[in-house]
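# Topology and contacts: notes
The lines below spell out each chain.
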Amino acid sequence: METYGDLVAAEDVLLFVNAAITGTGQREFHSGAAEQQLSLDFLHEYMLVNYRGPYAAALALDINDHNSALIVRRLLETSRDATDEQRRTEGRLIARRLRLLPPQRVYRLIGELRRAKVNNRRTRAILRDWLATRPDQALDAVKYRAGLKLALRHTHLRPVAEETGDFLYAPRRRPKYTAPLLDAWRRAHYEKGALYELPYTVAEGFANRHGIPRAAFLQKIEPRLTGLERLRLQESARALGATAVTSDAAALARMPLTRLASYVLGLPPAARTARRAELTDALRGAARRAVRAAGAEEGSWGRVTAVLDDSWSAYGSGVKRRRPLAAALACHFLLAALAGEYTALWTSGHGDALLARPSGPTPLGRRILDALDTAPERLVIVSDGWDNAPPGLAAEVLRVWRTRLDPEHRTSIVHLNPAYDAEGFDVRRLAPTVPTAGLRDAEDLPALVEFARFAEGRTDLAELTAHLAARTERFLAADGAVRGPVVGTVAGSTETAETAGSTETAETAETTETTGSTETTEETVR
């Protein structure tokens, strides 16, 4: 029998997962950055103290990078509060999640751990194993020099190569480096041509230092651009006359669906119209790849109707520009791939998805009425939940539909919300009778629709716990990280860096704080 406490616990876990998917601590349309950060900090502290197991298990879910880093940091800061079994599971989850995070975010996390004076054996082992997975330490030394130097100091490690250490700690000691990237960085200080041998993000600073015109710099650095950098820069390059930076069809074909939708929305309407066939094919291809990656089949969802929010609030904010609208556009193409028969209804009434733009109020209630008229098997609503034309109509429509017209749930309804509501510590809901889940990337939509069922009616804590355990098991089983080379040795101790795939030390290492210590440790591989 479920107790009242079980229901509260399940609701707390669902609330946190929604927040961890959508909240980034950045400004949203309806709340500022400070409110967002304060709200998320409270939720993390509340979950860590009351539900440490589910809190760690959230690392196995489709949460965003910001909250993943927060969870990792708080788990490592409170190692003493965990049981041996919890430490074992947390160590594996942390090691796996760190490999999925962008390197710059991990280096930032290491800096936060250093400032918090968290440097126990367990933390050093986890960070050491992550450093061992980095494929090119010379590249990291050039791109993330301060972060790598801090990470090596904090974990008591030496660089792989001696000259990398000289580059980090005494860059003027050597008149020349054998590693091409390191030597290019050295020469770029006084030789303009050398900066074009560096990655774009590093070369950009040198170009500014040498006073090189932006157009000339973009023209010459083009061979060093990644596919994503080329796509991001092509519009500004075209305006400057740097014709070498052109659209890369291969890069479009490789982009994830939601990121591709953001790129498309960032193009001027005229460019979208001129490239309609190319962009539409790329979006459909990305949607098909996302469907296959989710283990679903195209056309397997039957009759689907989507209500998609392109109201003014879909603009997001200056730091999350058009992010809610990009999520809606990506869901549009993903649902079209999943559905056997698909109908899309935008709140603005416009029918051209490729030319979608944030505008006008949010008449969700009226669009939901139109959607129910199509007699769908599934109704998916993608909106921030601020129904205001008229206010409250959507909630009343959904209440009447669920309680009076369709109590047997012949039509499955789910609300996906891409915006975190800092004041409510959750994503904004439309109606108590309709499950709501946070949405970050449209690629996660099939999993989120499955997860949203826990928010409908009485939540079964046992079933939710089993779902989290299953997701954790799949997350850890999918860890195909290749064991890498030895990174180095702990300065002044006998502790050695083991292979990258090893999580043994992360699971079994003691949690005694040893900030700045050079204690001798012995860690064996399972």
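All figures in this text were calculated on a predicted structure; none of them were measured in a lab.

Before going further, it helps to examine the layout of surface pockets. Considering only enclosed or pocket space, the second largest pocket measures out at about 290 Å³ in volume. Those elements that provide at least two residues to the lining of the second largest pocket are α1 (4–22), α3 (52–57), α5 (84–100) and α23 (461–477). By residue number, the principal contributor to the lining of the second largest pocket is α23, which donates six residues.

Next up on the list: the packing of aromatic side chains. Applying the stated criterion across every chain, the model contains twelve aromatic pairs. When the ring of Tyr46 is compared with that of Tyr51, the centres are 6.1 Å apart and the planes differ by 70°; the resulting orientation is edge-to-face. Relative accessible area serves as the criterion here: at 18%, Tyr51 is assigned to the buried category. Aromatic side chains Tyr107 and Trp130 sit 5.2 Å apart centroid to centroid with 80° between the ring planes, which places their arrangement in the edge-to-face category. On the criterion of sequence distance, the pair formed by Tyr107 in helix α6 (residues 103–115) and Trp130 in helix α7 (residues 121–133) is long-range, its members being 23 residues apart. We note that Tyr107, like Trp130, is buried. A network of ring pairs unites the aromatic residues Phe42, Tyr46, Tyr51 and Phe425 as a single cluster. Between the NZ or CZ atom of Arg378 and the centre of the ring of Trp301, over which it lies, the distance is 4.1 Å. Taking NZ or CZ as reference, Arg428 lies 3.7 Å from the ring centre of Trp386, over its face.

Right, let's get into helix α20 (residues 364–372). Those residues of α20 lying buried are Leu364, Gly365, Arg367, Ile368, Ala371 and Leu372. Around the axis of α20, the buried residues are gathered within 165° of arc, so they sit on the same side. Structurally, α20 contributes buried residues whose contacts are with β1 (303–308), β2 (341–346), β3 (378–382) and α21 (393–405).

The next thing to look at is the environment of Ala261. With respect to the element layout, Ala261 can be found in helix α16 (residues 257–266). Judged by relative accessible area, Ala261 falls into the buried class, the value being 0%. Sequence separation of Ala261 and Leu354 is 93 residues, and the distance between their C-alpha atoms is 9.1 Å. Sequence-distant contacts of Ala261, defined by excluding residues within four places in its chain, comprise Leu283, Ala326, Leu329 and Ala330.

This part is about unusual backbone geometry. Between Ala389 and Pro390 the backbone carries a cis peptide bond, its omega angle lying at -5°. When you line up the elements, Pro390 lands in the loop between β3 and α21. One non-glycine residue with positive phi stands out, namely Arg322, at about 60°. As for its position among the elements, Arg322 is in the loop between β1 and α19 (323–338). Residue Arg322 is classed as partly exposed on the basis of its relative accessible area of 25%.

This brings us to empty space enclosed by the protein. Considering all chains together, one arrives at three cavities of 30 Å³ or more under this definition. Here the largest cavity is characterised by a volume of approximately 60 Å³. Around the largest cavity, the lining residues are Val17, Ile21, Leu61, Asp62, Ala447, Leu448, Phe451, His467 and Arg471. Counting residues per element, the ones that place at least two in the lining of the largest cavity are α1, α22 (445–452) and α23.

Of the strand pairs in this sheet, β1 and β2 are connected by six bridges, and their pairing is parallel. When the bridges of β2 are listed, Ala306 appears paired with Ala344. The handedness of the β1 to β2 crossover, carried by α19, is right-handed.

Moving on: the pattern of salt bridges. Applying the stated rule across the entire model yields 31 salt bridges. We note a salt bridge from Arg174 to Asp166, for which the minimum N-O separation is 2.6 Å. On the basis of relative accessible area, Asp166 is assigned to the buried category, the value being 8%. With a shortest N-O distance of 2.7 Å, Asp441 and Arg323 are connected by a salt bridge. With Asp441 in the loop between β7 (436–438) and α22 and Arg323 in helix α19, this residue pair connects regions lying 118 residues apart in the sequence. In this structure Arg323 comes out as buried when scored by relative accessible area, which is 18%. Connected through shared salt-bridge partners, Asp183, Arg186, Arg187, Glu191 and Glu197 make up one network.

Thresholds applied
Going along each chain's sequence as written, the residues are numbered from 1 onward. At least 70 in pLDDT is required for a residue's local features to be given in this predicted model, at least 80 for side-chain atom pairs to be given and counted, and no such filter applies to totals for whole chains, interfaces and linings, which use all residues. For the side-chain quantities, the full set of heavy atoms in the structure was used; hydrogens and water were omitted. Cavity and pocket criteria rest on a 1 Å grid covering protein atoms alone: a 1.4 Å probe that fits but cannot get out defines a cavity, protein on both sides within 12 Å along at least 5 of 7 lines defines an open pocket, and an atom within 4 Å of a point defines a lining residue. Grid points are joined across faces, edges and corners, and a volume is the space filled by probe spheres set on the points. Helix numbers and strand numbers start at the N terminus; a helix is a DSSP run of H or I with at least 4 residues, a strand a run of E with at least 2. Pairing of aromatic side chains here covers Phe, Tyr and the six-membered ring of Trp, requires ring centres within 6.5 Å, and sorts the geometry by plane angle: under 30 degrees stacked, over 60 edge-to-face, intermediate tilted. Relative accessibility decides the category of a residue: with a 1.4 Å probe and only protein chains considered, values under 20% of the type maximum give buried, values over 50% give exposed, and everything between is partly exposed. Criterion for a charge above a ring: Lys NZ or Arg CZ within 6 Å of the ring centre, and within 35 degrees of the ring normal. The arc in question is the one spanned by the directions pointing from the helix axis to the C-beta atoms. In what follows, residue pairs with any heavy atoms lying within 4.5 Å of each other are defined as contacts. Should DSSP find at least two bridges between two strands, the strands are taken to pair. Handedness is read with the strands pointing away from the viewer; a crossover is right-handed when the path from the first strand over the helix to the second is clockwise. We count a salt bridge whenever a side-chain nitrogen from Lys or Arg sits within 4 Å of a carboxyl oxygen from Asp or Glu.

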